[in-house]
Amino acid sequence: MGQSNRRPNVLFCIADDWGWPHAGAYGAKWVNTPAFDRIAREGVLFNNCFTTNPKCSPCRATILTGRNTWHLEEAINHFGIFPHKWKVYPEILEANGYWVGMTGKGWGPGDYVSGGFEHNPAGKEFQKYTLDPPAEGINRRDYARNFEDFLEQRPEGKPFCFWLGGHEPHRFYEDGSGARHGLDPAKVEVPKFYPDNGIVRNDMIDYAFEVQWFDSHVGKALDKLEQMGELDNTIVVMSSDHGMPFPRVKGQIYEDGFHIPLAIRWGGMRGGRVVDDFINVRDFGPTYLEMAGITQPDTMTGKSFLNVLKSNKAGWVDESRDVMLIGKERHDLGRPDDAGYPVRAIRTKDFLYVRNYAPDSWPAGNPETGYRNVDDSPTKRLIERSFDKFYRLSLGKRPPEELYRVQSDPDCMENVANDPEFWKVKSELRARMEEMLRQEGDPRTLGHAEVFETYRYVGGRGHSYDAWLENQKE
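Residues numbered from 1 in each chain as written. Predicted model: local features only at pLDDT ≥ 70, side-chain atom pairs only at ≥ 80, totals over all residues. Heavy atoms only, no water.

Now for the overall build of the protein. Across its full length, the protein carries 13 helices and 16 strands. Scaling as 2.2 N^0.38, a compact globule of 474 residues should have a C-alpha radius of gyration of about 23 Å, and the protein matches this with 21 Å. Reported as C-alpha extents along the three principal axes, the dimensions of the protein are approximately 60 × 50 × 45 Å. The buried share of the protein, reckoned over its 474 residues, is 63%. For the protein, the proportion of contacts with a sequence separation of at least 24, taken over those separated by at least 6, is 72%. Of the roughly 17,400 Å² of accessible surface on the protein, 47% is carried by carbon and sulfur atoms. Charged side chains in the protein number 60 positive and 71 negative. The centres of these two groups are separated by 2 Å. (Helix = DSSP H or I, 4+ residues; strand = E, 2+ residues; numbered from the N terminus. Rg over C-alpha atoms; globule rule 2.2 N^0.38 Å. Buried < 20%, exposed > 50% of the residue type's maximum accessible area, 1.4 Å probe, protein only. Contact = heavy atoms within 4.5 Å. Areas by Shrake-Rupley, 256 points an atom, 1.4 Å probe, with all protein chains shown as cover. Lys, Arg positive; Asp, Glu negative; His and termini not counted. Charge placed at Lys NZ, Arg CZ, Asp CG, Glu CD.)

Before going further, it helps to examine the pattern of salt bridges. Counted by the stated rule, this structure contains 34 salt bridges. With a shortest N-O distance of 3.0 Å, Asp203 and Arg171 are connected by a salt bridge. Linking Asp203 in helix H6 (residues 198-228) with Arg171 in the loop between strand E7 (160-165) and helix H5 (177-180), this pair joins segments that are 32 residues apart in sequence. In this structure, Asp203 and Arg171 share a single accessibility class: buried. Shared partners join several salt bridges into a network, and the residues in it are Arg38, Glu42, Asp223, Glu226, Asp232 and Arg265. (Salt bridge = Lys/Arg side-chain N within 4 Å of Asp/Glu carboxyl O.)

Attention now moves to helix H1 (residues 34-42). Residues that lie three or four places apart on an α-helix share one face, since the helix turns once every 3.6 residues. Taken residue by residue, H1 has Ala35, Phe36, Asp37, Arg38, Ile39 and Ala40 as its buried positions. The inward-facing, buried residues of H1 abut strand E2 (44-46), H6, strand E8 (234-240) and strand E10 (263-265).

Here we come to the packing of aromatic side chains. All told, the structure shown has 34 aromatic pairs when counted by the stated rule. An angle of 75° between the planes, with centres 6.1 Å apart, marks the rings of Trp99 and Phe126 as edge-to-face. Of the two residues, Trp99 is situated in strand E5 (residues 99-104) and Phe126 in the loop between strand E6 (110-111) and helix H4 (143-152); the sequence distance between them amounts to 27 residues. Accessibility classification places Trp99 together with Phe126 in one group, the buried group. With a centroid separation of 6.0 Å and an interplanar angle of 85°, the aromatic rings of Tyr371 and Tyr391 are classed as edge-to-face. Of this pair, Tyr371 sits in the loop between strand E15 (351-356) and helix H10 (378-384) while Tyr391 sits in helix H11 (residues 389-395), and the two are 20 residues apart along the sequence. (Phe/Tyr/Trp six-rings, centres within 6.5 Å; stacked < 30°, edge-to-face > 60°.)

Below, the structure is given as structure tokens:
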């Protein structure tokens, strides 16, 4: 791949609820991701990409603004307001001569109009083309064709920035769709925090089928760019907003919740590498801007990793990229005891330390209202009825502090926070996390947690699953 002197295009492909390491490039045998694998093979595969908040709209706001979740005021919460006071990288690129657009799911759910945006912060929408999907639950948007429509309307000579946002593999899933399309439940690697049975395995291959659907659209987009001769001058980034929509994952501060896939291809770098550096989703925007020769605005606190992309090295390239902060405030629902479960955490090479600020509340949502911070699913219904260790792990209350050895315990099964052997580690990580949060101006760490309760919730108080389901079919 040869490097071009033209300003590079940006194609950002983001799945909705796709977790690490569910791709062929990471060794998964039960999900087929040829487009992601091609990007990884011809570009760089990242082993350690993280979101700072494992919910849809907070993560997407972080991507767009280059700011950590506790810096976003009302946009820290699911179904919140997105304030236009924060500069978003698509608008910056557009102001500097880029043709900008999006299809599928951009920023959301929430209210960007009240925040001051004229259109979705991810870009002007190209949603004209639809199709008949192969299974219920898959969105009717033809993402690849809408990307072609965007390219067809591009003014001659302009570089482009496009957000290709799949609605998949967000629930709901057609029961049995994975098996019907040839996926084998016997190949699934079931996480240790679930019972290993047919219900869970079939639920996971239904999820895998929707991952594959999104991947197929990215493959078509790559083919189109290659046909146009634009592929090598386009930085193609393929990732997700957080982990899969299963209990103890989506919306939860454990490894599977905030650890996400990432592969990047660009003609200006040497491909075929696997990199271990910690990448935060807030680093995407600063990287795009540096590639385009645009100065990063002061509002962005993320750090460009263009030096990592251009390096010829694999493994650990930038040794300073070895720590990550994660956090969240309230849930998306307005029911009693669903409203908040504030958490902050720090992830290093070896450990995940978690501080639960409201251990008397329910992290998965109130049992009386159906644990609404966990998407409905066969796996959830199975665990709800169990009242065993799997129930406690996914739906039960949690202690004030948790500590996990992520290298040997990636499923976060053994909390060693109270083990005397790890007290020193726990103390050091807690102090390091709090100091980093103070430096970043986190209101909770600075003693002003009450501000988070003033931020508006704009979703319906019911936000029923049936209403959401009908919305997806429109």
